[in-house]
Amino acid sequence: MENSEMSLLSVIVPCWNEEEAIPFFYEEFSRVRKLFGERFPNISFELLFVDDGSSDQSLKKIKELKEKDSAVRYVTFSRNFGKDAALFAGLDNAKGDYVVCMDADLQDPPSLLPEMFEAVYSGGYDSAATRRVTRKGEPPVRSFFARLFYKLMNHISTTEIVDGARDYRIMTRQMVDAILSMKEYNRFTKGIYGWIGFKTKWIEFENVERVAGETKWSFWKLFRYAMEGIVDFSTVPLTLILWIGGVFSLLSGISLIACLVLYVREVLNSVPLILSAIAFSFGLQLFFLGIVAHYLANTYMEAKGRPLYIAKEIT
Ligand code: UDP
Ligand code: MG
């Protein structure tokens with residue numbers, strides 16, 4: 001990227017019932033934009049709000065901002081589609097050479113933006129992402145399960161998903177286009193970032209509490225989201241059936257032969273023999289179900305229609 005040319009930086013902000021947070025966000029954003037002007041005079045901004053079907057005054061607040069600031073744009077949804085859909089819509093509609101996603105509640109501190117931008121602008125990175133190293137202010141049960149999820153996920157999936165990673169991330173246009181080429185319906189954005197690759201600089205920060213309003217995530221909503229993440233980026237649960245079925249068949253098969261021998265020699269009566277036969281047929285069923293699951297897993301991955309490769313440079 002030629003550094004003397006004008007470049008556009010798109011800031012995507014998903015909002016769902018954030019009427020209280022939006023004014024604080026805009027104030028902080030404006031402050032950072034001013035700092036940017038001094039440090040990177042060739043950068044102009046686009047502030048793209050994605051109103052994810054808010055039922056409060058969020059859209060009105062956004063429209064008011066648009067009135068007085070020509071950098072403001074918005075996309076508004078017909079209903080609540082969830083944060084991942086909002087992020088996709090933002091990336092899809094952003095015009096910037098660089099794109100950053102950040103939450104409306106200031107939990108993704110805009111003050112980190114200059115450092116993040118530096119990494120992609122002149123630091124040779126494709127992306128700069130943030131990760132919170134503490135979970136201060138979060139219920140302990142939530143933190144415990146979150147940690148557990150990341151451990152499990154990184155065991156059973158080949159896609160790296162970083163513990164504590166936020167969706168707060170700046171990307172080059174090339175990386176944004178790579179994300180947009182992933183058309184899958186069930187979107188686990190954190191997994192998609194990992195899947196597409198590219199060189200990412202990680203910036204760490206301490207957890208910040210929400211400026212106003214309340215979190216949109218209940219424990220169960222997060223739990224379902226975690227399950228979604230596992231199912232989207234791993235077929236290990238399906239493959240597990242094959243293994244369990246195989247082991248079960250083998251053990252019950254051995255038991256069946258042993259019981260048969262002992263029955264013929266009149267050491268045992270027919271009860272253990274019948275039980276072993278039932279266990280063996282159960283194991284076989286599970287094993288064949290596992291084979292079907294394997295085909296299902298492949299069909300499932302095909303159905304996602306992910307690109308076969310993502311090139312970074314072609315000459
Ligand atoms: N959000 C959204 N749609 C949703 C849920 C959340 O657009 O269905 C937005 C929300 O307005 C906020 C960001 O996603 O800007 C993060 O949400 P929240 O702060 O509630 O999550 P937390 O920080 O507690 O994980
Ligand atoms: Mg938040």
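Above this text sits the structure in question.
The notes below deal with the structure included here. Predicted model only: the values in this text are computed from it and were never measured.

Let's shift gears to the site of ligand 1. Contacts to ligand 1 come from 19 residues, most closely from Glu18, Asp52, Asp105, Thr215 and Lys216. Take Asp52: an N or O atom from its side chain is 2.6 Å from a nitrogen atom of ligand 1. Class assignment of the residues belonging to the shell around ligand 1 gives a composition of five nonpolar, four polar and ten charged.

This brings us to the coordination of the magnesium ion (ligand 2). Protein coordination at the magnesium ion (ligand 2): the donors are Asp105 (OD) and Gln107 (OE1), at 1.9 Å from the metal. As far as the burial class goes, Asp105 and Gln107 line up, both buried.

Relative to the assigned elements, Glu46 resides in strand E2 (residues 43-51). Only 2.8 Å separates the side chain of Glu46 from the side chain of Arg73, close enough to count as a polar contact. Sequence-distant contacts of Glu46, that is, excluding residues within four places in its chain, are made with Leu8, Leu9, Ser10, Val11, Ala71, Arg73, Ala94, Lys95 and Gly96.

Further remarks concern the pattern of salt bridges. What the rule picks out here adds up to 20 salt bridges. The closest approach of N and O atoms between Arg173 and Asp177, which form a salt bridge, is 3.2 Å. Here Arg173 pairs with Asp177, and both are found in helix H6 (residues 173-180), just four residues apart, close to one helical turn. A relative accessible area of 25% places Arg173 in the partly exposed class. With a shortest N-O distance of 3.7 Å, Asp232 and Lys304 are connected by a salt bridge. Here Lys304 lies in helix H10 (residues 270-304) and Asp232 lies in helix H8 (residues 219-233), a separation of 72 residues in the sequence. Here the two residues Asp232 and Lys304 agree in accessibility, since each one is buried. A single salt-bridge network, built from bridges that share partners, covers Lys83, Asp103, Asp108, Arg166, Asp167 and Lys190.

Most of strand E6 (residues 165-172) sits out of view: eight of its eight residues are buried. Relative to E6, strand E5 (residues 127-132) runs antiparallel, the two being bridged by four bridges. Pairing of Ala129 across the sheet is with Arg169, part of E6.

The next thing to look at is the nonpolar core. Among the nonpolar cores identified, the biggest contains 35 residues, and Leu9, Leu113 and Phe117 are the most heavily contacted of them. For this core, the elements supplying multiple residues, two or more each, are strand E1 (7-15), helix H1 (21-39), E2, helix H2 (58-68), strand E4 (98-101), helix H4 (113-121), E6 and strand E7 (200-205). In contact with Leu9, other than residues within four places in its own chain, are Phe36, Ile43, Ser44, Phe45, Glu46, Tyr98, Val99, Val100, Leu113, Phe117 and Ile170. The next biggest cluster of nonpolar side chains, apart from the first, holds 33 residues, and it includes Ile12, Leu48, Phe149 and Ile230.

A few words now on the environment of Ile170. Among the secondary structure elements, Ile170 is positioned in strand E6. Between the alpha carbons of Ile170 and Met227 there is a distance of 26 Å; along the sequence they are 57 residues apart. Discounting residues that sit within four places of it in the chain, Ile170 has contacts with Leu9, Val99, Val100, Leu113, Met116, Phe117, Val120, Asp126, Ser127 and Ala128.

Bringing the pairing of E1 into the picture now. Burial runs high along E1: nine of the nine residues are buried. When E1 meets E2, the two strands line up parallel, connected through nine bridges. Following the sheet pairing, Leu8 is matched in E2 by Ser44. Crossover handedness for the path E1 to H1 to E2: right-handed. Two strands pair when backbone bridges link them, and E1 and E4 are joined in this way by four bridges, in the parallel orientation. Its bridge partner lying in E4, Ile12 is registered against Cys101.

What counts, and where the lines are drawn
Residues numbered from 1 in each chain as written. Chains lettered and ligands numbered in written order. Predicted model: local features only at pLDDT ≥ 70, side-chain atom pairs only at ≥ 80, totals over all residues. Heavy atoms only, no water. Near = heavy atom within 4 Å. Polar contact = N/O pair within 3.5 Å; in protein donor to acceptor, adjacent residues only side chain to side chain. Nonpolar A, V, L, I, M, F, W, Y, C, P; charged D, E, K, R; others polar. Donors = N, O, S within 2.8 Å, 3.2 Å for Na, K, Ca; no water. Buried < 20%, exposed > 50% of the residue type's maximum accessible area, 1.4 Å probe, protein only. Helix = DSSP H or I, 4+ residues; strand = E, 2+ residues; numbered from the N terminus. Contact = heavy atoms within 4.5 Å. Salt bridge = Lys/Arg side-chain N within 4 Å of Asp/Glu carboxyl O. Pairing = 2+ DSSP bridges. Core = buried A, V, L, I, M, F, W, Y, C linked by side-chain atoms within 4.5 Å. Right-handed = clockwise from strand over helix to strand, strands pointing away.

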